[in-house]
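A closer look at the structure
What follows is the residue order along each chain.
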Amino acid sequence: MRQIWPPQDVGVLDDEQLERLYAYPGRRWLCVNFVASADGAVALHGRARELSNEPDRRVLRLGSDLADVLLVGATTAMVEEFRGVHPDPETAARRERHGLAPVPPTAVVTTGGLPEDAPVVTEALVPTYVITTAMVPDRKRDAWAAAGATVVIAGEREVDLRLAVARLAADGLEHVDSEGGAQLFGSLLAAGVVDELRLTVSPVLVSGGAGRIATGVDIDPARLELLSVVAESDTLLVRYGVLH
């Protein structure tokens, strides 16, 4: 991979340099990962993974390998068949080197649509956080807990993402890696808790009716600061800081 921004850091990146570039700062931090086609599509054949490629997978893996917790929406967890992190030797060694827990938990945001037997709960190696609302029936919450989840109530009718992120931080999970979906990203932006966007521009054109990376309520435009750009195999890997 070759870094092409900022100008003073232009050059080929080895594995250690790439890891440093995608490391989290020494404070509470929430980054959002997305891949999109060159014409802005967020999915191909209904799945984000259809747009992904080897460079995207490398930086996506760094995001989760170095995070305290992964944050996903319930729909994305189901569509992408997410079952939590199952570290291979490389991931295990990287996390040990950085003094991180062997397996980062997953936090799933849902207003009740997450099935009790969702793989992200039942197949996870460590308990998954299910972040939901007080309006969800006790039966549903009890079923998630019985399946092994840690159920967190954050809000009455809608999930209060500020409260949810604060609860994760209170459990020592300060570095949050959000991996979708678009509705969750829009809600995180509305809540003002996003610190960084990691966007992969996949070298394909899709057209059609595919959505965008952030949807939901209107917000005042969030200003961005370009942190880095890396290029590999016609793919652009861009990091933006969100200016609060």
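Residues numbered from 1 in each chain as written. Predicted model: local features only at pLDDT ≥ 70, side-chain atom pairs only at ≥ 80, totals over all residues. Heavy atoms only, no water.

- If you look the chain up in an unreviewed UniProt entry, it shows as Dihydrofolate reductase family protein from Pseudonocardia adelaidensis.
- In its Pathway (unreviewed entry) section, the UniProt entry covering the chain states "Cofactor biosynthesis; riboflavin biosynthesis." (UniProt positions renumbered as here; feature names shortened; annotations may be inferred.)

1. Thoughts on helix α8 (residues 182-191)
- Of the residues making up α8, those classed as buried are Ala182, Leu184, Phe185, Gly186, Leu188 and Ala191.
- In this fold, the buried residues of α8 make contact with β3 (29-37), β4 (69-73), β5 (106-109), α7 (161-170), β8 (175-178) and β9 (196-202).
- Of the residues one or two after α8, Gly192 is the one with positive phi, at around 75 degrees. (Buried < 20%, exposed > 50% of the residue type's maximum accessible area, 1.4 Å probe, protein only. Helix = DSSP H or I, 4+ residues; strand = E, 2+ residues; numbered from the N terminus. Contact = heavy atoms within 4.5 Å.)

2. Structural notes on the packing of aromatic side chains
- For the structure on display, the rule yields one aromatic pair.
- Here Arg198 stacks its cationic end above the ring of Tyr24, 5.1 Å away from the centre of that ring.
- Positioned over the ring face of Tyr22 is Arg239, at 5.8 Å from the centre of the ring. (Phe/Tyr/Trp six-rings, centres within 6.5 Å; stacked < 30°, edge-to-face > 60°. Lys NZ or Arg CZ within 6 Å of the ring centre and 35° of its normal.)

3. A few points about the pattern of salt bridges
- Enumeration over the complete set of coordinates arrives at 18 salt bridges.
- Close ionic contact of Arg141 with Asp138 constitutes a salt bridge, the shortest N to O distance being 2.8 Å. Of this pair, Arg141 and Asp138 both sit in helix α6 (residues 138-146), three residues apart, roughly one helical turn.
- Residues joined in a network through salt bridges with shared partners are Glu19, Arg61, Asp65, Asp88, Glu90, Arg94 and Arg97. (Salt bridge = Lys/Arg side-chain N within 4 Å of Asp/Glu carboxyl O.)

4. Examining the pairing of strand β11 (residues 235-242)
- Burial of β11 is extensive: six of the eight residues sit out of reach of the surface.
- Inspection of the sheet shows strand β10 (residues 224-232) paired to β11 by eight bridges, in the antiparallel sense. Within β11, the residue paired with Leu226 across the bridge is Tyr240.
- Counting the residues between successive antiparallel strands, the hairpin from β10 to β11 contains two residues, one of them, Ser233, with a positive phi of roughly 50 degrees. (Pairing = 2+ DSSP bridges.)

5. Let's talk about the nonpolar core
- Ranked by internal contacts, the top residues of the largest apolar core, which has 31 residues, are Leu30, Val32, Leu71, Ile131, Leu188 and Ile213.
- Only β3, β4, β5, β6 (129-132), α7, α8 and β9 provide two or more residues apiece to this core.
- If near-sequence neighbours (up to four positions away) are discounted, Val32 is found in contact with Ser178, Phe185, Leu188, Val194, Glu196, Leu197 and Arg198.
- Counting 21 residues, the second largest nonpolar core, distinct from the first, contains Val72, Ala74, Phe82 and Val85. (Core = buried A, V, L, I, M, F, W, Y, C linked by side-chain atoms within 4.5 Å.)

6. Concerning the side chain of Asp177
- Inspection of the secondary structure puts Asp177 in strand β8.
- No salt bridge forms around the buried Asp177; measuring N to O, its nearest opposite-charge neighbour Arg198 is 5.3 Å away.
- Residues in contact with Asp177, not counting those within four places in the same chain, are Tyr24, Cys31, Asn33, Leu60, Gly63, Ser64, Ala67, Val69, Leu70 and Leu71. (Lys, Arg positive; Asp, Glu negative; His and termini not counted.)

7. Re the environment of Arg61
- Topologically, Arg61 is positioned in helix α2 (residues 54-65).
- Each C-alpha atom of the pair Arg61 and Gly84 lies 13 Å from the other, and the pair is 23 residues apart in sequence.
- Those residues within four positions of Arg61 in sequence are excluded, and the remaining contacts are Asp88, Glu90, Thr91 and Arg94.
- At a separation of 2.6 Å, a polar atom in the side chain of Arg61 contacts the side chain of Asp88. (Polar contact = N/O pair within 3.5 Å; in protein donor to acceptor, adjacent residues only side chain to side chain.)

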